[in-house]
Amino acid sequence: MGDKIVIVVQARMSSSRLPGKVMLPLLGKSLLYRMMERLKMIKHQAQLVIATSLEKADDVIEKEAAIIGVPCYRGSLNNLLDRHYQAAKLYDADIVLKIPSDCPLIDPRIIDQALDFYFDAPDQYDYVSNLHPATFPDGNDVEIMTMDCLEKTWNEATRVLELEHTTPYIWENPDRFRIGNVIWDAGNDYSMTHRFTIDYSADYEFIRCVFEELYPAKNNFSCDDILRLLEKRPEIYHINSAFCGVNWYRNHLNELKTISAEQTKTIAG
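Residues numbered from 1 in each chain as written. Predicted model: local features only at pLDDT ≥ 70, side-chain atom pairs only at ≥ 80, totals over all residues. Heavy atoms only, no water.

**Remarks on the overall build of the protein chain**
Scanning the protein chain for helices and strands turns up ten helices and nine strands. Expressed as lengths along the three principal axes of its C-alpha atoms, the size of the protein chain is roughly 45 × 40 × 35 Å. Of all 269 residues assigned to the protein chain, the portion counted as buried reaches 56%. Long-range contacts, defined here as pairs at least 24 residues apart, represent 70% of the contacts in the protein chain between residues at least 6 apart. Here the protein chain has roughly 11700 Å² of accessible surface; of this, 49% comes from carbon and sulfur atoms. Here the protein chain contributes 29 positive and 40 negative side-chain charges, whose respective centroids are spaced 4 Å apart. (Helix = DSSP H or I, 4+ residues; strand = E, 2+ residues; numbered from the N terminus. Buried < 20%, exposed > 50% of the residue type's maximum accessible area, 1.4 Å probe, protein only. Contact = heavy atoms within 4.5 Å. Areas by Shrake-Rupley, 256 points an atom, 1.4 Å probe, with all protein chains shown as cover. Lys, Arg positive; Asp, Glu negative; His and termini not counted. Charge placed at Lys NZ, Arg CZ, Asp CG, Glu CD.)

**Looking at the pattern of salt bridges**
In this structure the tally under the stated criterion is 23 salt bridges. Aspartate 59 serves as the salt-bridge partner of arginine 74, at 2.8 Å between the closest nitrogen and oxygen. You can see arginine 74 sitting in strand β5 (residues 72-75) and its partner aspartate 59 sitting in helix α2 (residues 59-68), a full 15 residues away along the chain. Judged by relative accessible area, arginine 74 falls into the buried class, the value being 17%. Across the salt bridge formed by arginine 195 and aspartate 203, the nearest N and O atoms sit 2.8 Å from each other. Of the residues examined, aspartate 203 reaches a relative accessible area of 0% and is grouped as buried. Salt bridges linked by common partners bring Arg17, Lys21, Asp102, Asp138, Arg195, Asp199 and Asp203 together as one network. (Salt bridge = Lys/Arg side-chain N within 4 Å of Asp/Glu carboxyl O.)

**Comments concerning the packing of helix α1 (residues 31-39) against α2**
When two helices pack together, their arrangement is given by the angle between the helix axes and the distance between those axes. Following both chains from N to C, one finds α1 and α2 inclined at 40°, their axes separated by 10 Å at the closest point. Between α1 and α2, the angle falls in the class oblique. The interaxial crossing formed by α1 with α2 has right-handed handedness. Where α1 approaches α2, its residues Leu32, Tyr33 and Met36 are matched on the opposing element by Ile61, Glu64, Ile67 and Ile68. In terms of residue class, the contact of α1 with α2 is built from six nonpolar, no polar and one charged. (Axes fitted to C-alpha atoms, helices over the stretch in contact; angles between N-to-C directions. Parallel < 35°, antiparallel > 145°, perpendicular 65-115°, else oblique. Left-handed = near helix turned anticlockwise from the far one by under 90°. Nonpolar A, V, L, I, M, F, W, Y, C, P; charged D, E, K, R; others polar.)

**A closer look at the state of the cysteines**
Evaluated as defined, the whole model comprises zero disulfides. Here cysteine 223 is not cross-linked by a disulfide; its sulfur's nearest cysteine counterpart is in cysteine 103, at 12 Å. (Disulfide = S-S within 2.5 Å.)

**Side note on the sheet that holds strand β6 (residues 95-98)**
Within the open sheet, the seven strands sit side by side as β5-β4-β1-β6-β8-β7-β9. Their pairing is mixed. Both edges of this open sheet fall to β5 and β9 (179-181), since each of them pairs with a single strand only. Within the sheet, the average angular offset between the axes of one strand and its neighbour, ignoring direction, is 25°. By the bridge criterion, five bridges tie strand β1 (residues 5-10) to strand β4 (residues 47-53) in an arrangement that is parallel. Bridging across to β4, valine 6 finds its partner in glutamine 47. Running at roughly 160° to β1, α1 makes contact with β1 and β4 of the sheet. (Pairing = 2+ DSSP bridges.)

**Observations concerning the packing of aromatic side chains**
The full count for this structure, using the stated rule, is ten aromatic pairs. Note on tyrosine 85 and tryptophan 154: the rings are 4.2 Å apart at their centroids and 20° apart in plane angle, and the pair reads as stacked. Of the two residues, tyrosine 85 sits in helix α3 (residues 80-90) while tryptophan 154 sits in helix α5 (residues 147-156), which places them 69 residues apart along the sequence. Look at tyrosine 85 and you get buried, because its relative accessible area is 2%. According to the relative accessible area criterion, tryptophan 154 is partly exposed, its value standing at 31%. By the ring-pair criterion, three or more aromatic residues cluster together here, those being Phe136, Trp184 and Tyr190. One residue, lysine 152, lies across the ring of phenylalanine 177, its end atom 5.0 Å from the ring centre. (Phe/Tyr/Trp six-rings, centres within 6.5 Å; stacked < 30°, edge-to-face > 60°. Lys NZ or Arg CZ within 6 Å of the ring centre and 35° of its normal.)

This is the structure we're talking about:
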């Protein structure tokens, strides 16, 4: 396979809801370290890149990338589309994956499933994700795009929303891009009921508990392993269940064509 896959993980210290979340400890390492450890477990050959900003506060991210053994690209703080594009370009990507740094429980098998879907249909898609619509537990976000698709987006996207969240221009314009979606083959939809991502301190407690329960016996634990744990230990599920279905969409519903109010909720809701 000649296509070079570059996985860009965007991370910064200045999270509005939980500052410094990517450096919180998980079993003696940082959350970012544990997440990159999981990304290294995918079966496809890929170049990992941590993309952070030029802000002084993000020096610690660059240092952590060196500890992890992954290159670090530093660019725009708020224009994440530019940061993503420049990092992918720097590492000669043919295929670019966007995986957020707030997904430390992401299952490497789900990443491979999305890549298999893309490669099993040669030259059929510009963009493939498992988010439109989402069916996997929140925090298993995989977005795949060709470098041409990313470059076109970088050239054409102008709205703040599109620059800040990297890919909305793509999935909001299905007439301009060939878009594919991977759904959970189990036939379930846990996207609004299970939350494996980190935005709040309760999410961190949940993730810490899951790692402490599963990692020592099986460091490459799967999404199914987490679901079995939560069935057995419902008190872990309830640590952050109040935030299930809450995501960044809720702040942009007036600007998005393809996201409805039913696909996100407020914390109180």
